[in-house]
Amino acid sequence: MSEAPRKHSLTLGRHRTSVSLEDEFWAGFKELAAQRGLGINETAREIDAARDPGTGLATAIRLAVLRHYRDRCTSPERTAASQAAARSLREG
C-alpha cells in the first residue's frame, strides 16, 4: 500500500495540470480509462467536466474509481454469482 499520494500530470484540453493520487487510485484510474476505451487525459477531462465546482479533481477521480469498482461488484452477473455461492454455503 502506498504511503502518500504522488503527483501525476494530466492534460485537460490544452491545460496541463497535476493531481496527487495514491498509487492504488492511479492504477484504478488507468483501469477505469481502459475499460471505457479512453486515454487517461480524456477520462480525466470527462470527470473534470462532470464534477461539482467545489470538489477537487483528485477527489473526483477517487470517487470515479470507487464507483467503477462498486459497479463491478454489484453487476447483475456478479450479484447472481454471489447469491449462488451463498445458497451453496447455506445448503452445505
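Scroll up a little and you will see the structure.
Since the structure is predicted, the reported quantities are computational estimates derived from the model, not experimental observations.

Caption draft 1: Representation of the pairing of strand β2 (residues 15-21) within the structure. Two elements, strand β1 (residues 6-12) and β2, share seven bridges in a ladder whose sense is antiparallel. What sits directly across from K7, in β2, is S20. Connecting β1 to the next strand, β2, in antiparallel fashion are two residues, including G13 with a positive phi near 70°.

Caption draft 2: Focus on the packing of helix α1 (residues 23-36) against helix α3 (residues 57-73). Where α1 contacts α3, the axes come no closer than 9 Å and their chain directions differ by 65°. Crossing of α1 against α3: the hand is left-handed. For the pair α1 and α3, the contacting residues are F25, G28, F29, E31, L32 and Q35 in the first and I61, R62, A64, V65, H68, Y69 and R72 in the second.

Caption draft 3: Structural context of the nonpolar core. In terms of nonpolar packing, the biggest core is built from 15 residues, with L10, V19, F29, I47, L57 and I61 touching the most fellow members. Taken together, the elements giving at least two residues each to this core come down to β1, β2, α1, α2 (40-50) and α3. Counting residues per element, this core draws most heavily on α3, at six residues. Here V19 is in contact with R6, K7, H8, L10, W26, L57, A58 and I61, once residues within four sequence places are set aside.

Rules used throughout
Residues numbered from 1 in each chain as written. Predicted model: local features only at pLDDT ≥ 70, side-chain atom pairs only at ≥ 80, totals over all residues. Heavy atoms only, no water. Pairing = 2+ DSSP bridges. Helix = DSSP H or I, 4+ residues; strand = E, 2+ residues; numbered from the N terminus. Axes fitted to C-alpha atoms, helices over the stretch in contact; angles between N-to-C directions. Left-handed = near helix turned anticlockwise from the far one by under 90°. Contact = heavy atoms within 4.5 Å. Core = buried A, V, L, I, M, F, W, Y, C linked by side-chain atoms within 4.5 Å. Buried < 20%, exposed > 50% of the residue type's maximum accessible area, 1.4 Å probe, protein only.

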